Amino acid sequence: MTARIPTSALLDGLLRDADAERVTLRWLVDRLGNRSFGLVMLLLALLGAMPGASAIVAPLLAILAVQMMLGHAGPAFPRRVAERSVRTEGLARTLGRAVPALRTIEGFIHPRWPMPFEVTKRAVGPVVLLLGLLLLAPIPLSNVPPALAIALLAIAYLEEDGILLCIALAASALLLAIAAGAVWQAMGELGWVRGFL
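Quantities reported herein were computed from a predicted structural model and do not represent experimental measurements.

### Brief notes about the overall build of the protein
Item 1. Looking only at helices and strands, the protein has 10 helices and 2 strands in total.
Item 2. What you see in the protein, going N to C, is helices and strands ordered as α-β-α-α-α-α-β-α-α-α-α-α.
Item 3. Evaluated residue by residue, the protein yields a buried proportion of 41% over its 197 residues.
Item 4. In the protein, once contacts between residues fewer than 6 apart in sequence are set aside, the share between residues at least 24 apart is 76%.

As structure tokens, then:
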């Protein structure tokens, strides 16, 4: 049986193999193989936590989430999106902050409470879709909590850790409930709730 390569090691390998100047989303997906959904989700979550990136990240997460729900083998983005490149330096900077933290987390997580891979993928998809919508909230720093929740889901999914996945889903549900409550309150203050009741 082949030893499982930690996610942090895969990300380190990505940086070693990357072009010196720029990399495309297609290159990333091709390099990640059967862990492409989880790793692309993690990378998008990390980017989504950065100021000003939400408007780009949210549609990509929506595409990813829908494909997970449909049971696709791996993410497929429109050619125009897949061929867009980012500076390798920027990717290295993002991963340089994330990989040490991920390596620490990996000391505590491992495959537990296994679930069928397809079931997990289809369960995580709708949650990622809803959290991706929260990234677009026009409130300063409101993108950080959903981005962190998506990152936690991605790590649990990648490491096949059922316990961590349950924690991540519970945290996501709490976040979505808070957001729904805030929207309901805002609608009430605007007088829209009375129109529904």
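Now that the structure is up, let's keep going.
### A word on the packing of helix H3 (residues 36-48) against helix H4 (residues 54-69)
Item 1. One can describe the packing of H3 onto H4 by two numbers: an axis separation of 9 Å at closest approach and a directional angle of 160°. Taken together, the axes of H3 and H4 are roughly antiparallel relative to one another. The interaxial crossing formed by H3 with H4 has left-handed handedness. Each of Phe 37, Val 40, Met 41, Leu 44, Leu 47 and Gly 48 in H3 lies in contact with H4, whose residues at this interface are Ser 54, Val 57, Leu 60, Leu 61, Leu 64, Gln 67 and Met 68.
Item 2. When grouped by side-chain class, the residues that make up the contact of H3 with H4 number 10 nonpolar, 3 polar and no charged.

### Structural notes on the environment of His 110
Item 1. Inspection of the secondary structure assignment puts His 110 in the loop between helix H6 (88-105) and helix H7 (117-134).
Item 2. Along the backbone, His 110 and Leu 164 are 54 residues apart, and their C-alpha atoms lie at a distance of 9.1 Å.
Item 3. Excluding residues that lie within four positions of it along the chain, His 110 makes contacts with Glu 159, Glu 160 and Asp 161.

### Regarding unusual backbone geometry
Item 1. The backbone of Glu 160 sits at a positive phi, close to 55°, despite the residue not being glycine.
Item 2. Turning to its location among the elements, Glu 160 is positioned in the loop between helix H8 (144-159) and helix H9 (162-189).
Item 3. On the accessibility criterion, Glu 160 (40% relative accessible area) is partly exposed.

### Some points on H3
Item 1. Across its 13 residues, H3 extends 18 Å between first and last C-alpha, which sits within 8% of the 18 Å expected from 1.5 Å per residue.
Item 2. Where burial is concerned, most of H3 is hidden: 11 out of the 13 residues are buried.
Item 3. Of all the residues in H3, the buried ones are Ser 36, Phe 37, Gly 38, Leu 39, Val 40, Met 41, Leu 42, Leu 43, Leu 44, Ala 45 and Gly 48.

### Regarding the side chain of Ser 36
Item 1. Within the secondary structure, Ser 36 is located in helix H3.
Item 2. With relative accessibility at 2%, the residue Ser 36 sits in the buried group.
Item 3. Excluding its chain neighbours within four sequence positions, the residues that come into contact with Ser 36 are Val 29, Gly 74 and Pro 75.

### Some remarks on a nonpolar patch on the surface
Item 1. On the surface, a cluster of nonpolar side chains totalling about 280 Å² of accessible area is made up of Leu 130, Leu 133 and Leu 136.
Item 2. Note on placement: Leu 136 falls in the loop between H7 and H8.

### Considering the nonpolar core
Item 1. Counting residues in each nonpolar core, the largest one holds 52 residues, and the members touching the most others are Leu 11, Met 41, Leu 42, Leu 61, Phe 77 and Leu 131.
Item 2. When contributions to this core are tallied by element, the ones reaching two or more residues are helix H1 (7-17), helix H2 (25-32), H3, H4, H6, H7, H8 and H9.
Item 3. When neighbours within four sequence positions are excluded, Leu 42 is seen to be in contact with Thr 7, Leu 11, Leu 102, Ala 151, Ala 154, Ile 155 and Leu 158.

### A few points about the pattern of salt bridges
Oppositely charged side chains are able to pair whenever their charged atoms sit close together.
Item 1. Within this structure, the stated rule accounts for 3 salt bridges.
Item 2. A salt bridge links Arg 103 to Asp 12; its shortest N-O distance comes to 2.5 Å. With a gap of 91 residues between them, Arg 103 in helix H6 and Asp 12 in helix H1 connect regions that are remote in the sequence.
Item 3. Owing to a relative accessible area of 42%, Arg 103 belongs among the partly exposed residues under this scheme.

### As for the environment of Tyr 157
Item 1. One can find Tyr 157 in helix H8.
Item 2. C-alpha of Tyr 157 to C-alpha of Lys 121: the two residues are 36 residues apart in sequence and 7.8 Å apart in space.

Rules used in this analysis
- Residues numbered from 1 in each chain as written.
- Predicted model: local features only at pLDDT ≥ 70, side-chain atom pairs only at ≥ 80, totals over all residues.
- Heavy atoms only, no water.
- Helix = DSSP H or I, 4+ residues; strand = E, 2+ residues; numbered from the N terminus.
- Buried < 20%, exposed > 50% of the residue type's maximum accessible area, 1.4 Å probe, protein only.
- Contact = heavy atoms within 4.5 Å.
- Axes fitted to C-alpha atoms, helices over the stretch in contact; angles between N-to-C directions.
- Parallel < 35°, antiparallel > 145°, perpendicular 65-115°, else oblique.
- Left-handed = near helix turned anticlockwise from the far one by under 90°.
- Nonpolar A, V, L, I, M, F, W, Y, C, P; charged D, E, K, R; others polar.
- Expected span 1.5 Å × (residues − 1).
- Patch = residues over 30% accessible without salt bridge, like charges linked within 9 Å, V, L, I, M, F, W, Y side chains within 5 Å.
- Areas by Shrake-Rupley, 256 points an atom, 1.4 Å probe, with all protein chains shown as cover.
- Salt bridge = Lys/Arg side-chain N within 4 Å of Asp/Glu carboxyl O.
- Core = buried A, V, L, I, M, F, W, Y, C linked by side-chain atoms within 4.5 Å.

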